[in-house]
Amino acid sequence: MGGRVARASYLPSFTHVSNSRRSVFCIIGHNSPFFHSSRKDFSLRALHLPGSLDSQFGSTFLFFSRTRRRFTRLIRNLRACSPMADQEHPQLPPPVVELKSSLKCSYQVAGPKINFCPSCGGAIEQRIPIGEGKPRAICVACGSIHYQNPKMVVGCLVEHEDKVLLCRRSIEPSYGLWTLPAGYMELGESATEGAVRETLEEANAEVEVLAPFAQLDIPTIGQSYILFRSKLKTPYFSPGCESLECALFKLDEIPFQHIAFSSISVALKMYVEDVKAGVMKVHHGVIDKRPGTSPSDPQGYVVREHLCS
């Protein structure tokens, strides 16, 4: 798009206007007070521009129109927003990012810091994208937005002759404590495939998945557990590379004071209650960890929003 770009004296310092023979357009920082109003009131087409005219207003957008009448209306609106404008002018709607600020998560969890763009290697800065309410890692070179999401942990609650299979951990965290065979889900596998794989890796046990049992979210650490009821295909198991030993426990012999993680402790208690009631259910709950408590602290958490069917 050709045309001479000139800075109009009556416009805020972060706005550029061009008047070319084919079209008219202006460049506006997306956090400027008139970005939202311009897009809504004048229905101008918008294209995202990488980089920024002014870091105070974040990434920039290009608005353009093929009609000078519409552009004149835009200029009139920009005049009203100028820092030199009369203070009696009506206030324009707040920027989109402020409208979204009330949409917040229950917890602010800091993920691993991203310093360079995985796509192009460019520098990363934290900004709030248009229409969102949280800062994201955004590449200043290519504009890519890199989201950080919760980790999915999958595992099996293995049943065998009215007992459950537990593994005693040989690694940190919670070295020497008992857990269900479970671990992080890998790319390219389903939740059930990941649960079966983890059981084979930690207990050398081949299992058949019977049914979903529990999904337990832990927002404070950015993890979500998905556990499946399963059974041994053969009565054979042995410690894997991450286990000191494996054993089958009767329900009244489960070592709840020596369970590695709160999620596993919650799942086992739900399972014991279901067995005693004679009805196996599918559970969902949120585990709130108390600040400063260890992963294995039996009193270091509370469960809320417990749903079952």
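Before reading further, recall that the structure is shown in the block above.
Before going into details, it helps to say that this report is about the structure given with it. Everything quoted here is computed from the prediction, not taken from an experiment. (Residues numbered from 1 in each chain as written. Predicted model: local features only at pLDDT ≥ 70, side-chain atom pairs only at ≥ 80, totals over all residues. Heavy atoms only, no water.)

For the structure on display, the rule yields ten salt bridges. Glu 125 is the salt-bridge partner of Arg 127, the closest N and O atoms lying 2.1 Å from each other. Its salt-bridge partner being Lys 231, residue Glu 208 comes within 4.0 Å of it at the nearest N-O pair. Of this pair, Glu 208 sits in strand β13 (residues 207-218) while Lys 231 sits in strand β14 (residues 223-232), placing them 23 residues apart in sequence. On the accessibility criterion, Glu 208 (38% relative accessible area) is partly exposed. With relative accessibility at 37%, the residue Lys 231 sits in the partly exposed group. (Salt bridge = Lys/Arg side-chain N within 4 Å of Asp/Glu carboxyl O. Helix = DSSP H or I, 4+ residues; strand = E, 2+ residues; numbered from the N terminus. Buried < 20%, exposed > 50% of the residue type's maximum accessible area, 1.4 Å probe, protein only.)

As used in these notes, a disulfide is a covalent bond between sulfur atoms, one from each of two cysteines. Applying the stated criterion across every chain yields a total of zero disulfides. The closest cysteine sulfur to the non-disulfide-bonded Cys 142 is located on Cys 139, 3.6 Å from its own sulfur. Judged by its relative accessible area of 38%, Cys 142 falls in the partly exposed class. (Disulfide = S-S within 2.5 Å.)

What follows deals with the environment of Gln 299. Along the chain, Gln 299 falls in the loop between β16 (283-289) and β17 (301-308). On the basis of relative accessibility, which here comes to 60%, the residue Gln 299 falls in the exposed class. In the structure, Gln 299 is positioned 42 residues away from Gln 257 in sequence and 9.9 Å away in space, judged by C-alpha atoms.

This part takes up the environment of Gln 257. Relative to the helices and strands, Gln 257 is located in the loop between β15 (243-250) and α5 (262-277). Judged by its relative accessible area of 57%, Gln 257 falls in the exposed class. Along the primary structure Gln 257 and Leu 177 are separated by 80 residues, whereas in three dimensions their C-alpha atoms are 9.2 Å apart.

Moving on to the sheet that holds strand β8 (residues 145-146). Think of a sheet as strands paired side by side through backbone hydrogen bonds, with each pair either parallel or antiparallel. Read across the sheet, three strands follow the order β6-β7-β8 without closing on themselves; strand pairing throughout is antiparallel. For this open sheet the edge positions go to β6 (124-127) and β8, each flanked by a neighbour on one side alone. Pairing analysis gives four bridges linking β6 to strand β7 (residues 136-139), with the strands arranged antiparallel. Counterpart to Gln 126 in the pairing with β7 is Ala 137. (Pairing = 2+ DSSP bridges.)

Enumeration according to the criterion identifies two aromatic pairs in this entry. Judged by centre distance (5.0 Å) and plane angle (80°), the rings of Trp 178 and Phe 249 are edge-to-face. Highlighted residues: Trp 178 in strand β11 (residues 178-179) and Phe 249 in strand β15, separated in sequence by 71 residues. For Trp 178, a relative accessible area of 11% gives the class buried. Relative to Tyr 271, the ring of Phe 213 lies with its centre 5.9 Å away and its plane at 75°, an arrangement referred to as edge-to-face. (Phe/Tyr/Trp six-rings, centres within 6.5 Å; stacked < 30°, edge-to-face > 60°.)

Another aspect to go through is helix α4 (residues 191-203). Between its terminal C-alpha atoms α4 stretches 18 Å, which fits the 18 Å expected from 13 residues at 1.5 Å a residue. Considered for burial, the residues of α4 that qualify are Ala 191, Gly 194, Ala 195, Arg 197, Glu 198, Thr 199, Glu 202 and Ala 203. Of the surrounding secondary structure, the elements contacted by the buried residues of α4 are β9 (151-160), β10 (163-169), β12 (182-184), β13, β14 and β15. Asn 204, located one to two residues past α4, shows a positive phi value of around 50°. (Expected span 1.5 Å × (residues − 1). Contact = heavy atoms within 4.5 Å.)

In this structure, Leu 166, Leu 216, Ile 254 and Leu 268 are the most contacted members of the largest nonpolar core, which totals 30 residues. For this core, the secondary structure elements donating two or more residues are β9, β10, β13, β14, β15 and α5. When residues of this core are assigned to their parent elements, the largest contribution, seven residues, is made by α5. Excluding residues that lie within four positions of it along the chain, Leu 268 makes contacts with Val 164, Leu 166, Leu 180, Ile 254, Phe 256 and Ile 259. Counting residues in hydrophobic clusters, the runner-up holds 14 residues, among them Val 154, Cys 156, Val 158 and Cys 167. (Core = buried A, V, L, I, M, F, W, Y, C linked by side-chain atoms within 4.5 Å.)

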